[in-house]
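Structural features, examined
Read off the chains here:
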There are 2 protein chains.
Amino acid sequence: MSRWEPNARERLTGAAMELFRERGFDQITVAEIADRAGLTERTFFRYFADKREVLFAGQERLLEIYTATIDAAPGTATPMELVEAALLAVTPVFDQRRDLSRQRHAVISAHPELQERELLKRASMAAAIAAALRQRGVPEPTASLAAEAGAITFKTAWSRWVTDPGPLDLPQLIRETIGQFHALAAPAPASAAGHR
Amino acid sequence: MSRWEPNARERLTGAAMELFRERGFDQITVAEIADRAGLTERTFFRYFADKREVLFAGQERLLEIYTATIDAAPGTATPMELVEAALLAVTPVFDQRRDLSRQRHAVISAHPELQERELLKRASMAAAIAAALRQRGVPEPTASLAAEAGAITFKTAWSRWVTDPGPLDLPQLIRETIGQFHALAAPAPASAAGHR
């Protein structure tokens, strides 16, 4: 068997998700994941530090895309336009991965400790976007507020994308959620019964 | 010595903050906290389950205030007005506690594990506010977005309150931060050179 295995990362990820869904994250060993994928433990550890990393790998790449997109955006963009551009820029990473994302979401939703890890991931995302905004001259606290709004937007759009069988793709859901976010700030129409 | 000690909770909290600042959270034992406060370990455990609870106690009370405030607000309030009312309603809890809050902030900022706990606290806060908004008939995802916006607003205003020696009190900082949040949604003025 050669050291190089075709699609080893994808096979390991798919096998891990299947097993996590079948028997719960805590019950599964790396040996079982490798076995299900038809690979060795040694190959597993060439791609992932541990089984949790199967769920959280790739975050650095997303942070780089956020930062590079904000750096490269036109000078006329408002802070929220910069944030929207950053969120949209990562969506191609998830093309063809809706099923996998759905499985990942189900695994994490069933496990409080993994949810905490997901909160940390979101905090890192907001911190990276805020830093990129400050680099563009956006002052605080606007940079942090816009970045946090972006992190919430992404979480909300993402949750809908993986749980809702509707026709909207991830970029459409991101745009819709940003619109809903902006609507929060708008004064309510005077005609609405009860609300202003 | 009677079982009842005057201001035992405050004395234990003050002693714990002093010790955490002096030698770091991880180095301090409950016995040392009790000793510094002139109380027994047994008294400590009457108030707190462990030393971490000294930093995070009281959260349930805040969640109750958020929920009760949103329940009792006038029917004409918009979602963000409900959130603002909830945030302002907890500020009296912190009157006279700025020094203690400042110390707490310094302890948590120096300790990644405590920061994770703080993220969880913020997630619970957002969840409680979102639930209260849904109870008022605010639909999703607006309820969750408004609640998350509230959690970010509180975090931002709070951080400024404990780190910034400026003249604004916590309610003023909350109102100002909500204004900055709303400004994120505003279209950029055409006159601004490049950035707004």
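Residues numbered from 1 in each chain as written. Chains lettered and ligands numbered in written order. Predicted model: local features only at pLDDT ≥ 70, side-chain atom pairs only at ≥ 80, totals over all residues. Heavy atoms only, no water.

**Re unusual backbone geometry**
Glycine aside, the phi torsion of most residues is negative, and most peptide linkages are trans. For the bond from A:E140 to A:P141, the omega torsion is 5 degrees, close enough to zero to count as cis. Within the secondary structure, A:P141 sits in the loop between α8 (112–135) and α9 (142–163). (Helix = DSSP H or I, 4+ residues; strand = E, 2+ residues; numbered from the N terminus.)

**Description of the pattern of salt bridges**
A full pass over the atoms with the stated rule returns 18 salt bridges over all chains. Three or more residues joined by partner-sharing salt bridges are found here, namely A:E18, A:E22 and A:R36. (Salt bridge = Lys/Arg side-chain N within 4 Å of Asp/Glu carboxyl O.)

**A few points about the packing of helix α7 (residues 98–109) of chain A against α8(A)**
Residue and element names in this part refer to chain A. At a closest axis distance of 7 Å, the pairing of α7 and α8 adopts a crossing angle of 115 degrees. For the pair α7 and α8, the contacting residues are R104, V107, I108 and S109 in the first and L114, Q115, E118 and K121 in the second. Grouping the constituent residues of the contact of α7 with α8 by class yields three nonpolar, two polar and three charged. (Axes fitted to C-alpha atoms, helices over the stretch in contact; angles between N-to-C directions. Contact = heavy atoms within 4.5 Å. Nonpolar A, V, L, I, M, F, W, Y, C, P; charged D, E, K, R; others polar.)

**Digging into the packing of aromatic side chains**
Tallied over the full model, the rule gives 15 aromatic pairs over all chains. Aromatic pair A:F154 and A:W158: ring centres 6.1 Å apart, planes at 25 degrees, arrangement stacked. One end of the pair is A:F154 and the other is A:W158, both in helix α9 and four residues apart, which spans about a single turn. We note that A:F154, like A:W158, is buried. With 5.3 Å between their ring centres and 85 degrees between their planes, B:F44 and B:F45 make a pair best called edge-to-face. You can call B:F44 buried: its relative accessible area is 0%. (Phe/Tyr/Trp six-rings, centres within 6.5 Å; stacked < 30°, edge-to-face > 60°. Buried < 20%, exposed > 50% of the residue type's maximum accessible area, 1.4 Å probe, protein only.)

**Quick word on the interface of chain A and chain B**
Counting from both sides, the interface comprises 31 residues of chain A and, opposite them, 31 residues of chain B. Looking at the side of chain A facing chain B, the largest losses of area belong to A:L145, A:E148 and A:L184, adding up to 22% of the total buried there. At the surface where chain A touches chain B, the tally comes to four salt bridges. Put simply, B:E148 and A:K155 hold a salt bridge, and the shortest N to O gap is 3.1 Å. (Buried area = accessible area lost by both parts, 1.4 Å probe.)

**Structural notes on empty space enclosed by the protein**
Tallied over the entire structure, the rule returns three cavities of 30 Å³ or more. Approximately 60 Å³ is the volume attributed to the largest cavity. Around the largest cavity sit A:M80, A:A149, A:F181, A:H182, A:L184, A:A185, B:F181, B:L184 and B:A185, which together line it. Going through the elements one at a time, α10 (170–185) of chain A together with α10 (170–184) of chain B are the ones with two or more residues in the lining of the largest cavity. Examining the composition of the lining of the largest cavity, we find that four residues originate from one element, α10(A), more than from any other. When its residues are assigned to classes, the lining of the largest cavity shows eight nonpolar, one polar and no charged. (1 Å grid on protein atoms, 1.4 Å probe; cavity = no way out; pocket = protein on both sides within 12 Å on 5 of 7 lines; lining within 4 Å. Points joined across faces, edges and corners; volume = space filled by probe spheres on them.)

**Quick notes on α10(A)**
An ideal rise of 1.5 Å per residue puts 22 Å on 16 residues; α10(A) measures up with 23 Å between its terminal C-alpha atoms. Within the sequence span of α10(A), burial applies to A:L170, A:L173, A:I174, A:T177, A:I178, A:Q180, A:F181, A:L184 and A:A185. End-on view of α10(A): buried residues confined to an arc of 160 degrees, all on one side of the axis. On its buried face, α10(A) sits against α6 (79–90) and α9 of chain A together with α6 (79–90), α9 (142–163) and α10 of chain B. (Expected span 1.5 Å × (residues − 1). Arc of directions from axis to C-beta.)

**Considerations on the layout of surface pockets**
The calculated volume of the largest pocket comes to roughly 1400 Å³. Along the wall of the largest pocket there are 50 residues; nearest its centre are A:R104, A:I108, A:E118, A:K121 and A:W158. Only α1 (8–23), α4 (51–56), α5 (59–72), α7, α8 and α9 of chain A together with α8 (112–135) and α9 of chain B provide two or more residues apiece to the lining of the largest pocket. Looking at the lining of the largest pocket residue by residue, the class counts come to 27 nonpolar, 11 polar and 12 charged. By volume, the second largest pocket amounts to about 980 Å³. What lines the second largest pocket is a set of 38 residues, among which B:E118, B:L119, B:R122, B:K155 and B:S159 lie closest to the centre. Listing elements by their share of the lining of the second largest pocket, those giving two or more residues are α8 and α9 of chain A together with α5 (59–72), α7 (98–109), α8 and α9 of chain B. Taken together, the residues of the lining of the second largest pocket sort by class into 19 nonpolar, eight polar and 11 charged.

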